There are 2 protein chains.
Amino acid sequence: MKKNVKIEFKCVLKDVLDILGGKWAIPIIYVLFDGTKRFKELERNIPNINTRMLVKELKKLEGANIIRREAFATIPPTVEYSLTEKGKKLQPIILNLYKWGEENVDL
Amino acid sequence: MKKNVKIEFKCVLKDVLDILGGKWAIPIIYVLFDGTKRFKELERNIPNINTRMLVKELKKLEGANIIRREAFATIPPTVEYSLTEKGKKLQPIILNLYKWGEENVDL
DNA sequence: CAGCATCCATCATGATACTG
DNA sequence: CAGTATCATGATGGATGCTG
(Lines give C-alpha, C1' and ligand atoms only; values in the text may rest on other atoms or scores of the structure.)
Protein backbone atom coordinates (compact mmCIF):
# COMPACT_ATOMS: atom_id res chain seq x y z
CA MET A 1 0.00 0.00 0.00
CA LYS A 2 1.16 3.46 -0.87
CA LYS A 3 2.35 5.78 1.82
CA ASN A 4 -0.13 8.54 2.52
CA VAL A 5 1.63 11.78 1.80
CA LYS A 6 -1.30 13.82 3.02
CA ILE A 7 -1.32 12.49 6.55
CA GLU A 8 2.41 12.85 6.97
CA PHE A 9 2.24 16.35 5.67
CA LYS A 10 -0.48 17.36 8.05
CA CYS A 11 1.32 16.09 11.10
CA VAL A 12 4.66 17.80 10.90
CA LEU A 13 5.43 20.01 7.97
CA LYS A 14 2.37 22.08 8.66
CA ASP A 15 3.58 22.89 12.16
CA VAL A 16 7.01 23.78 10.86
CA LEU A 17 5.52 26.11 8.29
CA ASP A 18 3.26 27.75 10.83
CA ILE A 19 6.44 28.81 12.57
CA LEU A 20 8.87 29.39 9.72
CA GLY A 21 6.52 29.98 6.81
CA GLY A 22 5.71 33.60 7.46
CA LYS A 23 7.45 36.54 5.91
CA TRP A 24 9.76 37.37 8.79
CA ALA A 25 10.71 34.27 10.75
CA ILE A 26 13.61 33.18 8.56
CA PRO A 27 15.03 36.69 8.17
CA ILE A 28 15.02 37.12 11.94
CA ILE A 29 16.64 33.76 12.54
CA TYR A 30 19.15 34.48 9.82
CA VAL A 31 20.24 37.72 11.44
CA LEU A 32 20.57 35.95 14.78
CA PHE A 33 23.06 33.47 13.30
CA ASP A 34 25.43 36.39 13.64
CA GLY A 35 25.00 36.29 17.42
CA THR A 36 22.92 37.96 20.11
CA LYS A 37 21.13 41.10 19.00
CA ARG A 38 19.13 43.81 20.68
CA PHE A 39 15.67 44.75 19.52
CA LYS A 40 16.81 47.83 17.68
CA GLU A 41 19.65 45.98 16.01
CA LEU A 42 17.23 43.44 14.63
CA GLU A 43 15.00 46.20 13.38
CA ARG A 44 17.93 47.83 11.61
CA ASN A 45 19.23 44.60 10.12
CA ILE A 46 15.99 43.34 8.66
CA PRO A 47 15.04 45.38 5.62
CA ASN A 48 11.49 46.73 5.57
CA ILE A 49 10.24 45.17 8.77
CA ASN A 50 8.30 47.44 11.10
CA THR A 51 8.11 47.50 14.89
CA ARG A 52 4.74 45.89 15.07
CA MET A 53 5.66 42.93 12.91
CA LEU A 54 9.01 42.46 14.61
CA VAL A 55 7.43 42.35 18.07
CA LYS A 56 4.84 39.88 16.87
CA GLU A 57 7.29 37.54 15.21
CA LEU A 58 9.73 37.64 18.10
CA LYS A 59 6.94 36.51 20.40
CA LYS A 60 5.97 33.72 18.08
CA LEU A 61 9.55 32.51 17.78
CA GLU A 62 10.05 32.80 21.51
CA GLY A 63 6.88 30.79 22.05
CA ALA A 64 8.18 28.10 19.72
CA ASN A 65 11.42 28.04 21.67
CA ILE A 66 13.51 29.03 18.73
CA ILE A 67 14.80 32.23 20.23
CA ARG A 68 15.47 33.35 23.77
CA ARG A 69 14.62 36.78 25.17
CA GLU A 70 16.60 38.34 27.99
CA ALA A 71 15.65 41.66 29.49
CA PHE A 72 17.95 43.78 31.64
CA ALA A 73 16.61 46.44 33.96
CA THR A 74 18.93 49.16 32.75
CA ILE A 75 17.93 52.68 31.86
CA PRO A 76 17.21 52.81 29.05
CA PRO A 77 16.17 49.15 28.94
CA THR A 78 18.18 46.50 27.16
CA VAL A 79 16.62 43.41 25.67
CA GLU A 80 18.71 40.80 23.96
CA TYR A 81 17.56 38.11 21.61
CA SER A 82 19.50 34.99 20.73
CA LEU A 83 18.93 31.56 19.24
CA THR A 84 18.19 28.58 21.45
CA GLU A 85 19.73 25.18 20.72
CA LYS A 86 16.62 24.34 18.78
CA GLY A 87 17.01 27.51 16.77
CA LYS A 88 20.65 26.86 16.06
CA LYS A 89 19.76 23.54 14.51
CA LEU A 90 18.03 25.49 11.78
CA GLN A 91 21.26 27.05 10.65
CA PRO A 92 22.40 24.33 8.23
CA ILE A 93 18.92 24.14 6.75
CA ILE A 94 18.66 27.85 6.16
CA LEU A 95 22.17 28.03 4.79
CA ASN A 96 21.27 25.28 2.34
CA LEU A 97 18.27 27.29 1.31
CA TYR A 98 20.54 30.24 0.81
CA LYS A 99 22.93 28.15 -1.24
CA TRP A 100 20.09 26.77 -3.33
CA GLY A 101 19.08 30.36 -4.00
CA GLU A 102 22.53 31.38 -5.13
CA GLU A 103 22.67 28.50 -7.54
CA ASN A 104 19.14 28.51 -8.79
CA VAL A 105 17.45 31.87 -8.62
CA ASP A 106 17.25 33.99 -11.77
CA LEU A 107 19.58 32.24 -14.16
CA MET B 1 35.69 44.46 8.72
CA LYS B 2 32.57 42.61 9.60
CA LYS B 3 30.53 40.97 6.92
CA ASN B 4 27.35 42.85 6.20
CA VAL B 5 24.54 40.48 6.95
CA LYS B 6 21.95 42.91 5.69
CA ILE B 7 23.26 43.18 2.18
CA GLU B 8 23.73 39.46 1.78
CA PHE B 9 20.26 38.88 3.04
CA LYS B 10 18.73 41.27 0.60
CA CYS B 11 20.43 39.75 -2.39
CA VAL B 12 19.51 36.10 -2.17
CA LEU B 13 17.49 34.90 0.75
CA LYS B 14 14.82 37.42 -0.03
CA ASP B 15 14.35 36.01 -3.51
CA VAL B 16 14.23 32.48 -2.16
CA LEU B 17 11.61 33.46 0.38
CA ASP B 18 9.54 35.25 -2.22
CA ILE B 19 9.22 31.90 -3.91
CA LEU B 20 9.18 29.44 -1.04
CA GLY B 21 8.13 31.58 1.88
CA GLY B 22 4.41 31.60 1.27
CA LYS B 23 1.97 29.27 2.84
CA TRP B 24 1.61 26.83 -0.03
CA ALA B 25 4.83 26.54 -2.02
CA ILE B 26 6.51 23.96 0.18
CA PRO B 27 3.39 21.83 0.59
CA ILE B 28 2.95 21.73 -3.19
CA ILE B 29 6.58 20.85 -3.79
CA TYR B 30 6.41 18.26 -1.05
CA VAL B 31 3.48 16.49 -2.66
CA LEU B 32 5.27 16.53 -6.00
CA PHE B 33 8.23 14.65 -4.51
CA ASP B 34 5.88 11.71 -4.84
CA GLY B 35 5.88 12.14 -8.63
CA THR B 36 3.79 13.80 -11.32
CA LYS B 37 0.35 14.91 -10.20
CA ARG B 38 -2.73 16.28 -11.88
CA PHE B 39 -4.34 19.50 -10.74
CA LYS B 40 -7.11 17.75 -8.86
CA GLU B 41 -4.70 15.35 -7.21
CA LEU B 42 -2.72 18.25 -5.83
CA GLU B 43 -5.88 19.87 -4.57
CA ARG B 44 -6.86 16.66 -2.81
CA ASN B 45 -3.45 16.06 -1.31
CA ILE B 46 -2.90 19.50 0.13
CA PRO B 47 -5.12 20.01 3.14
CA ASN B 48 -7.16 23.22 3.19
CA ILE B 49 -5.84 24.75 0.00
CA ASN B 50 -8.42 26.21 -2.32
CA THR B 51 -8.54 26.38 -6.09
CA ARG B 52 -7.57 29.98 -6.33
CA MET B 53 -4.49 29.65 -4.17
CA LEU B 54 -3.42 26.45 -5.87
CA VAL B 55 -3.65 28.01 -9.33
CA LYS B 56 -1.77 31.06 -8.18
CA GLU B 57 1.02 29.18 -6.48
CA LEU B 58 1.39 26.75 -9.36
CA LYS B 59 1.88 29.69 -11.70
CA LYS B 60 4.42 31.25 -9.41
CA LEU B 61 6.37 28.02 -9.08
CA GLU B 62 6.18 27.44 -12.81
CA GLY B 63 7.48 30.95 -13.38
CA ALA B 64 10.38 30.26 -11.04
CA ASN B 65 11.12 27.09 -12.97
CA ILE B 66 10.59 24.86 -10.01
CA ILE B 67 7.72 22.93 -11.49
CA ARG B 68 6.74 22.01 -15.04
CA ARG B 69 3.21 22.13 -16.43
CA GLU B 70 2.06 19.87 -19.23
CA ALA B 71 -1.42 20.15 -20.69
CA PHE B 72 -3.10 17.49 -22.83
CA ALA B 73 -6.03 18.28 -25.09
CA THR B 74 -8.24 15.49 -23.83
CA ILE B 75 -11.87 15.76 -22.83
CA PRO B 76 -12.06 16.43 -20.00
CA PRO B 77 -8.71 18.23 -19.98
CA THR B 78 -5.65 16.76 -18.33
CA VAL B 79 -2.89 18.87 -16.86
CA GLU B 80 0.11 17.34 -15.20
CA TYR B 81 2.53 19.01 -12.85
CA SER B 82 5.99 17.75 -11.95
CA LEU B 83 9.23 19.03 -10.48
CA THR B 84 12.02 20.37 -12.68
CA GLU B 85 15.65 19.57 -11.90
CA LYS B 86 15.82 22.81 -9.99
CA GLY B 87 12.79 21.81 -7.99
CA LYS B 88 14.17 18.39 -7.23
CA LYS B 89 17.21 19.97 -5.67
CA LEU B 90 14.93 21.28 -2.95
CA GLN B 91 14.09 17.78 -1.80
CA PRO B 92 16.96 17.32 0.69
CA ILE B 93 16.38 20.78 2.11
CA ILE B 94 12.68 20.24 2.64
CA LEU B 95 13.25 16.80 4.08
CA ASN B 96 15.66 18.33 6.56
CA LEU B 97 13.03 20.85 7.50
CA TYR B 98 10.64 17.99 7.99
CA LYS B 99 13.13 16.16 10.13
CA TRP B 100 13.82 19.27 12.17
CA GLY B 101 10.09 19.49 12.77
CA GLU B 102 9.82 15.90 13.93
CA GLU B 103 12.61 16.44 16.41
CA ASN B 104 11.81 19.91 17.58
CA VAL B 105 8.17 20.81 17.32
CA ASP B 106 6.02 20.61 20.42
CA LEU B 107 8.07 18.50 22.75
C1' DC C 1 15.56 51.82 24.29
C1' DA C 2 11.93 48.46 23.93
C1' DG C 3 8.00 47.99 23.30
C1' DC C 4 2.34 48.67 23.08
C1' DA C 5 -1.83 50.90 21.07
C1' DT C 6 -4.36 52.92 17.36
C1' DC C 7 -5.93 54.37 12.79
C1' DC C 8 -6.00 53.51 8.02
C1' DA C 9 -4.82 51.80 3.32
C1' DT C 10 -3.65 47.88 0.79
C1' DC C 11 -2.75 43.32 -0.09
C1' DA C 12 -3.33 38.30 0.65
C1' DT C 13 -6.43 34.63 1.54
C1' DG C 14 -10.73 31.91 1.81
C1' DA C 15 -15.18 30.21 0.01
C1' DT C 16 -17.94 29.44 -3.78
C1' DA C 17 -20.14 29.71 -8.14
C1' DC C 18 -19.33 29.33 -12.89
C1' DT C 19 -17.31 27.98 -17.72
C1' DG C 20 -14.81 25.60 -21.83
C1' DC D 1 -11.19 18.34 -15.13
C1' DA D 2 -8.84 22.59 -14.95
C1' DG D 3 -9.24 26.47 -14.24
C1' DT D 4 -11.61 31.80 -13.89
C1' DA D 5 -14.45 35.35 -11.63
C1' DT D 6 -16.37 37.46 -7.65
C1' DC D 7 -17.08 38.83 -3.09
C1' DA D 8 -16.01 38.87 1.91
C1' DT D 9 -12.63 38.80 5.40
C1' DG D 10 -8.28 38.94 7.44
C1' DA D 11 -3.40 39.94 7.67
C1' DT D 12 0.05 43.25 6.95
C1' DG D 13 2.41 47.79 6.08
C1' DG D 14 3.18 52.48 7.46
C1' DA D 15 2.80 56.43 10.46
C1' DT D 16 2.62 58.09 14.79
C1' DG D 17 2.03 58.82 19.74
C1' DC D 18 2.61 56.90 24.42
C1' DT D 19 4.92 54.44 28.37
C1' DG D 20 8.40 52.59 31.88
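Residues numbered from 1 in each chain as written. Chains lettered and ligands numbered in written order. Predicted model: local features only at pLDDT ≥ 70, side-chain atom pairs only at ≥ 80, totals over all residues. Heavy atoms only, no water.

Asks: Quick question: what am I supposed to make of the overall build of chain A here?
Replies: In terms of regular secondary structure, chain A is built from six helices and three strands. Starting at the N terminus and ending at the C terminus, chain A contains elements arranged as α-α-β-α-α-β-β-α-α. When burial is assessed residue by residue, chain A has 47% of its 107 residues classed as buried. Contacts in chain A between residues at least 24 apart in sequence constitute 49% of all its contacts with a sequence separation of at least 6. Accessible surface, chain A as shown: approximately 6,200 Å² in total, 52% of it carbon and sulfur. (Helix = DSSP H or I, 4+ residues; strand = E, 2+ residues; numbered from the N terminus. Buried < 20%, exposed > 50% of the residue type's maximum accessible area, 1.4 Å probe, protein only. Contact = heavy atoms within 4.5 Å. Areas by Shrake-Rupley, 256 points an atom, 1.4 Å probe, with all protein chains shown as cover.)

Asks: Sorry, what's going on with the pattern of salt bridges here?
Replies: Residues and elements named next belong to chain A. Tallied over the full model, the rule gives ten salt bridges over all chains. Note that Asp 34 is salt-bridged to Lys 37, the shortest N-O span being 3.1 Å. You can call Asp 34 partly exposed: its relative accessible area is 33%. A residue is classified by how much of its surface remains accessible, and Lys 37, at 7% relative accessible area, is buried. As a salt-bridge pair, Glu 57 and Lys 60 come within 3.3 Å of each other at their nearest N and O atoms. Of this pair, Glu 57 and Lys 60 both sit in helix α4 (residues 51-63), three residues apart, roughly one helical turn. (Salt bridge = Lys/Arg side-chain N within 4 Å of Asp/Glu carboxyl O.)

Asks: What is the right way to look at the relation of the copies chain A and chain B in this model?
Replies: These two copies of the chain differ by a rotation about an axis and a displacement along the same axis. In the superposition of chain A on chain B (RMSD 0.2 Å, axial shift 0.2 Å), the rotation amounts to 180°. The superposition of one copy onto the other is thereby described by a two-fold rotation axis. The rotation axis passes nearest to the C-alpha of A:Gly21 in chain A, at a distance of 2.7 Å. The fraction of interface residues of chain A whose copies in chain B are also interface residues reaches 100%, indicating that both copies meet through the same surface. (Least-squares fit on C-alpha atoms with pLDDT ≥ 70 in both.)

Asks: Explanation requested: the protein's contact with DNA strand D in the structure shown.
Replies: Taken together, 20 residues lie near DNA strand D, and A:Arg52, A:Met53, B:Lys40, B:Arg69 and B:Tyr81 sit nearest. B:Lys59 places a side-chain nitrogen or oxygen 3.1 Å from a phosphate oxygen of DNA strand D. For the surface near DNA strand D, the element with the highest residue contribution is helix α4 (residues 51-63) of chain B, accounting for four residues. When the residues that make up the surface near DNA strand D are grouped by side-chain class, the tally is nine nonpolar, three polar and eight charged. (Near = heavy atom within 4 Å. Polar contact = N/O pair within 3.5 Å; in protein donor to acceptor, adjacent residues only side chain to side chain. Nonpolar A, V, L, I, M, F, W, Y, C, P; charged D, E, K, R; others polar.)

Asks: Any chance you could explain unusual backbone geometry here in plain terms?
Replies: Of note, the amide linkage connecting A:Ile75 to A:Pro76 takes the cis form, showing an omega dihedral of -5°. Of note in the backbone geometry, A:Asn65 takes a positive phi value of approximately 65° without being a glycine. Inspection of the secondary structure assignment puts A:Asn65 in the loop between α4 and β2 (67-72). A relative accessible area of 45% means that A:Asn65 is categorised as partly exposed. The residue B:Asn48 is not glycine, and still its phi comes out positive at about 70°. Locating B:Asn48 in the fold gives a position in the loop between α3 (39-45) and α4.

Asks: Help me understand the sheet that holds β2(A) in this model?
Replies: Strand pairing in a sheet relies on backbone hydrogen bonds. The paired strands run either parallel or antiparallel. Residue and element names in this part refer to chain A. Pairing is antiparallel across the open sheet formed by three strands, whose spatial order is β1-β3-β2. Of all the strands in the sheet, the pair left with one neighbour each is β1 (37-38) and β2. Pairing geometry for β1 and strand β3 (residues 78-83), over two bridges, is antiparallel. The partner of Lys 37 across the bridge, within β3, is Tyr 81. Contacts from helix α2 (residues 25-32) reach β1, β2 and β3, with the element oriented near 95° to β3. (Pairing = 2+ DSSP bridges. Axes fitted to C-alpha atoms, helices over the stretch in contact; angles between N-to-C directions.)

Asks: Hey, could you run me through helix α6 (residues 91-104) of chain A in this one?
Replies: Every α-helix carries 3.6 residues per turn, so stepping three or four residues along brings you back to the same face. All names here are of chain A. With 14 residues, α6 extends 20 Å from end C-alpha to end C-alpha; this agrees with the ideal 20 Å at 1.5 Å per step. By the burial criterion, the buried members of α6 are Ile 93, Ile 94, Leu 97, Tyr 98, Trp 100, Gly 101 and Asn 104. For α6, the arc enclosing every buried residue in end-on projection is 160°, short of the 170-degree limit, so these residues lie on one face. At the C-terminal side of α6, Asp 106 shows a positive phi close to 55°. (Expected span 1.5 Å × (residues − 1). Arc of directions from axis to C-beta.)

Asks: Where do I start with the packing of α2(A) against α4(A) in this structure?
Replies: A pair of packed helices can be characterised by two numbers: the angle between their axes and the separation between those axes. Residue and element names in this part refer to chain A. Contact geometry for α2 and α4: axes closest at 10 Å, N-to-C directions at 75°. Classified by the angle their axes make, α2 and α4 are roughly perpendicular. Every residue of α4 that contacts α2 at Ala 25, Ile 28 and Ile 29 is listed here: Leu 54, Glu 57, Leu 58 and Leu 61. Looking at the contact of α2 with α4 residue by residue, the classes come out as six nonpolar, no polar and one charged. (Parallel < 35°, antiparallel > 145°, perpendicular 65-115°, else oblique.)

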